[in-house]
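Survey of secondary and tertiary structure
The primary structure of each chain is shown beneath.
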Amino acid sequence: MTSVCTRDPFFVAVEASGFERDHIAGLAAGRYAAIQVADFLPAQICSDVLTALARVPFDAYDTKRVDPPVFRFGIGVSDHRVDGVLAETYWTALDSSRQAWSALPLDYDPFDLCRAGLGRDWPGAVRIARSGGRELGPGVAREPNQGFQVHFDDSIREFPGRLVDVNLVAQFAFNLYLSVPEDGGQTIVWRHRWGPGDESFRLPDSYGYRSAVVGESESFTLSPAVGQALLFDPRNYHAVLPSRGGRRIGLGFAVGLTDSGELHMWG
Ligand SMILES: O=C(O)CCC(=O)C(=O)O
Ligand SMILES: [Fe+2]
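The rules behind these values
- Residues numbered from 1 in each chain as written.
- Chains lettered and ligands numbered in written order.
- Predicted model: local features only at pLDDT ≥ 70, side-chain atom pairs only at ≥ 80, totals over all residues.
- Heavy atoms only, no water.
- Buried < 20%, exposed > 50% of the residue type's maximum accessible area, 1.4 Å probe, protein only.
- Helix = DSSP H or I, 4+ residues; strand = E, 2+ residues; numbered from the N terminus.
- Pairing = 2+ DSSP bridges.
- Expected span 1.5 Å × (residues − 1).
- Arc of directions from axis to C-beta.
- Contact = heavy atoms within 4.5 Å.
- Near = heavy atom within 4 Å.
- Polar contact = N/O pair within 3.5 Å; in protein donor to acceptor, adjacent residues only side chain to side chain.
- Areas by Shrake-Rupley, 256 points an atom, 1.4 Å probe, with all protein chains shown as cover.

**Focus on the pairing of strand S19 (residues 249-258)**
Within S19, nine of the ten residues are buried, which leaves the element mostly enclosed by the surrounding structure. Sheet topology note: the strand S10 (residues 140-143)/S19 ladder contains three bridges and is antiparallel. Within S19, the position partnered with Val140 by the bridge is Gly252. For strand S12 (residues 168-179) and S19, the ladder comprises ten bridges, and the chain directions are antiparallel.

Rendered as structure tokens:
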């Protein structure tokens, strides 16, 4: 009798002590679904960045589209997408966001450190992406205390006319966790990608979907730890569970692998 395989051996999260070229290439190729790196940045740096962020006010993402609310410091492209195009408002908001980040009492840019850590073993260039010749933002600090709905991220679907000035052959989402709650706050990733039938599960006016959209798909659940970095393919549906006891703050940005083997990041 042949045995029935119920788990996809390639739908796994690898744990490593740093971002290795083979793992990033494997994520792009579908050999892995996520890469987790504990102690990605020194604990002192994580704590200094968190202390700086704890003293400044966070805004909410557009609460009509993002409910329950998610707080953020810095801006992302998702709040400035109008009919699949990046609106001019993004650039004005980016100027204010750059000023707010550079006013933090830190003598380095935490996103520079994240890009350097992610690219340390990567053979190609690692840089911030451009859109229409202009450099996009480097990322955002996000605080989804009440969780993220089940959703996917795919700039090629969200910005069909193209968001970045290069051809992307793979996309990743990067998160570095700076503060995690005592309980809850797990990230769940399902082995399910968008299909046209999924739109019947879409929550009204929301970025999210009813959780039934993922059906019986297999999933893995990650409990973030302070200092840990997570890189995954955000075309797989994912969600963040609500937190209890403490803020859940992370730095996040999108990463695109280009057709010339570079890694381009944006917020
Ligand atoms: O905070 C997380 O763990 C994941 C957030 C998310 O939705 C993403 O990175 O695309
Ligand atoms: Fe996401």
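**Section: helix H2 (residues 43-54)**
Look at H2: 16 Å from first C-alpha to last across twelve residues, which is about the 16 Å you get at 1.5 Å a residue. The set of residues buried in H2 consists of Cys46, Val49, Ala52 and Leu53. Down the axis of H2, the buried side of the element spans an arc of 130 degrees, and every buried residue falls inside it. With respect to the buried face of H2, the exposed residues turned more than 90 degrees away are Ala43 and Gln44. The inward-facing, buried residues of H2 contact strand S4 (71-73), helix H3 (89-102), helix H4 (110-119), S10, S12 and S19.

**Observations regarding the site of ligand 1**
The environment of ligand 1 is formed by Arg142, Phe148, His151, Asp153, Ala173, Asn175, Tyr177, Thr187, Phe232, His238, Val240 and Arg248. Asn175 is positioned such that a nitrogen or oxygen atom in its side chain is 2.8 Å from an oxygen atom of ligand 1. Measuring from an oxygen atom of ligand 1, one finds a side-chain N or O atom of Arg248 at 2.9 Å. For ligand 1, whose accessible area on its own is 300 Å², the fraction buried by protein is 95%.

**Regarding the environment of Leu163**
Of note, Leu163 is situated in the loop between helix H5 (155-158) and S12. A C-alpha to C-alpha distance of 9.9 Å links Leu163 and Arg81, two positions 82 residues apart in sequence. Leu163 has contacts with Val77, Leu86, Arg130, Ser131, Ser155 and Trp266, leaving out every residue within four places of it along the chain.

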